[in-house]
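# Structural characterization, general
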Amino acid sequence: MMMIVTILTTVVEVAAIMLYFPPLPATVTAAAAASSLSSYPSQQFLAVQEIINTTKSASHVPHTQLFDHETLTSDDSHDGKRWKLNLVHRDKLSENDVGHKRMIQARLKRDVKRVAILNTRINGYGGDAGGGTGRYEVEDFGSEVVSGMQQGSGEYFVRIGVGSPPRSQYMVVDSGSDVVWIQCLPCKQCYQQSDPLFDPADSASFVAVFCGSTVCQHAETAAGCRGHGGGRWCKYEVSYGDGSYTKGTLALETLSFGNTFIRNVAIGCGHRNQGLFIGAAGLLGIGGGSMSLVSQLGGEAGGAFSYCLVSRGTGSPGSLEFGRESLPRDSVVWVPLLRNARNPSFYYVGLSGLGVGGVQVTIPEPIFKLSDMGHGGVVMDTGTAVTRLPTVAYTTFRDAFIAQTTDLPRTGPVSIFDTCYNLNGFVTVRVPTVSFYFSGGPVLTLPASNFLIPVDDMGTFCFAFAPTSSGLSIIGNIQQEGIQISFDSANGLMGFGPNVC
């Protein structure tokens, strides 16, 4: 088994998305970085009424209309080196008009499970390194991404083609997993999904992996063989810690993104599947292990991808792109990726501290360090919504924020949020800035809408961080929204900016 998981009185200023990070090259020294970051903004504005209005309108968009729009829409821009298609936030997928409050409540419940899964994988079983040695050359490509939260699974979906001829499927995109798998016929146990189940018999490119193959021998997902003699094929099993799992046959198959075809991708063809994947046909792992799609691509595309998670409630598109041409060349803040040999799937970054109002709060730096034994550290994760911080760090951080928002009316806690405000009647409010201080000097100051979020459509906004008793810190997708985030695994770097979406 490979892994265990799975804003009364109005303010007239208009709120602006504010990202503060210096245009530092990857080779900049820590001293130079610190010197160039001697001052930070202390305040910014949150457009309360605009966010509330957007939240209300987003909750009433028909589910089927959005799926029809998102399935095929893209800019189809292909310069010979990369593909870029649209990414759409999960909040735009709503099968029923359940209202923003219920959507948030369901989202936070799923988020608690996600964090439990990550902690189980890291603290309990090490990692999910993955197996095959093959590298598959391909042009750079990207894909339209939509969210799977309203389908009961994951945070974001990607729409791709599987097989020859390609059958379009929605798959959960997960930066903390390595396996690519899809539900397959004959299905002995399958959950409900939006698309028809994939039938390998209808694909001319489907090839089951035999037990004696290199892929099977090196895949840590491999769980034995079936059949007899030369007809035996490689069986895989993946468990996600919350009771979700997929079991079936390891295979090589063609995946397609628009007009780009990627042949001989090692995928799991799941005949027994259960868990939090309702609506999706499977999972597209883009983690750091050798079985992830990013690692399998190899060549020029291998190890390099970029995404921009579209801000909640907006009509602007985000993107998911793969390949070295997807990496920004100028005005980007690069920070080192840290390697955890026990958990190679995860993208760890060095975090030295947190800031409120332009000042770094007093938190001992060792709280965020990745130990030599692979414990603790800070993980970037697309599958977690709310950033989690060790309790000591969270309490100090939260108290600093509360101390600078005494002029805003407080209200009771909501779900995992213990710091909430009643901003009903406000148009815009002034709030302190919130920043991540990364090791080596770079500082990322978040837009106000990335740390004060509406939890209903009546003006209740909450500080979108939460404590954890674990030593693991997780930077979630709410804090990542609207910021271009890039991974250059070949050079061990992660970048912020320069674009916003």
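Here the structure is shown first, and the text comes after it.
Now for a look at the structure at hand. (Residues numbered from 1 in each chain as written. Predicted model: local features only at pLDDT ≥ 70, side-chain atom pairs only at ≥ 80, totals over all residues. Heavy atoms only, no water.)

## Remarks on the sheet that holds strand 20 (residues 359-360)
Whether parallel or antiparallel, the strands of a sheet pair through hydrogen bonds between backbone atoms. As a reminder, the rule being used: At least two bridges found by DSSP between two strands is the condition for calling them paired. Every helix listed is a DSSP run of H or I at least four residues long, and every strand listed is a run of E at least two residues long, numbered separately from the N terminus. Whether two residues are in contact is decided by their heavy atoms, any of which lying within 4.5 Å being enough. Helix axes are fitted to C-alpha atoms over the stretch in contact, other axes to C-alpha atoms as well, and angles between N-to-C directions run from 0 to 180 degrees.
On the basis of which strands lie adjacent, the open sheet formed by 4 strands has the order 20-19-26-27 and antiparallel pairing. The open sheet is flanked by strand 20 and strand 27 (443-445), the only strands paired with a single partner. Where strand 19 (residues 351-356) and strand 20 come together, 2 bridges link them in antiparallel fashion. Paired with G355 across the two strands is Q360, which belongs to strand 20. In this fold helix 7 (residues 391-403) packs onto strand 19 and strand 26 (434-438), with an angle of close to 20° to the strand it touches most, strand 19.

## Describing the pattern of salt bridges
Where charged atoms of side chains with opposite charge meet at close range, the side chains can pair. As a reminder of what qualifies: For this analysis, a salt bridge means a side-chain nitrogen from Lys or Arg found within 4 Å of a carboxyl oxygen belonging to Asp or Glu.
Summed over the entire model, instances satisfying the criterion amount to 6 salt bridges. Here K235 and E237 are joined by a salt bridge, their closest N and O atoms 3.5 Å apart. When salt bridges that share partners are traced, they join R398, D399 and D418 into one network.

## A closer look at the nonpolar core
As a reminder, the rule being used: We define a nonpolar core as any set of buried Ala, Val, Leu, Ile, Met, Phe, Trp, Tyr and Cys residues linked to one another through side-chain atoms lying within 4.5 Å. Each residue is placed in one exposure class: buried if its accessible area under a 1.4 Å probe, protein chains only, is under 20% of its type's maximum, exposed if it is over 50%, and partly exposed if it falls in between.
F451 and F465 are the most contacted members of the largest nonpolar core, which totals 76 residues. In terms of residue count, the dominant contributor to this core is helix 7 (5 residues). Excluding its chain neighbours within four sequence positions, the residues that come into contact with F465 are V386, T387, L389, Y394, F397, F417, V434, F436, L446, F451 and Q479.

## As for unusual backbone geometry
A cis geometry characterises the amide bond from S164 onward to P165, with omega recorded as -5°. By the element assignment, P165 lies in the loop between strand 6 (157-162) and strand 7 (167-174). In this structure, the amide linkage connecting L185 to the following residue, P186, adopts the cis form with an omega of -5°. By the secondary structure assignment, P186 is in the loop between strand 8 (180-183) and strand 9 (207-208). At N264, a residue that is not glycine, the phi angle is positive and equals roughly 60°. Here N264 is to be found in strand 13 (residues 260-274). Here the phi dihedral of S415 falls at roughly 55°; this positive angle occurs in a residue that is not glycine. With respect to the helices, strands and loops of the structure, S415 is situated in the loop between strand 23 (410-411) and strand 24 (420-422).

Worth remembering: the numbers are spatial, not functional.
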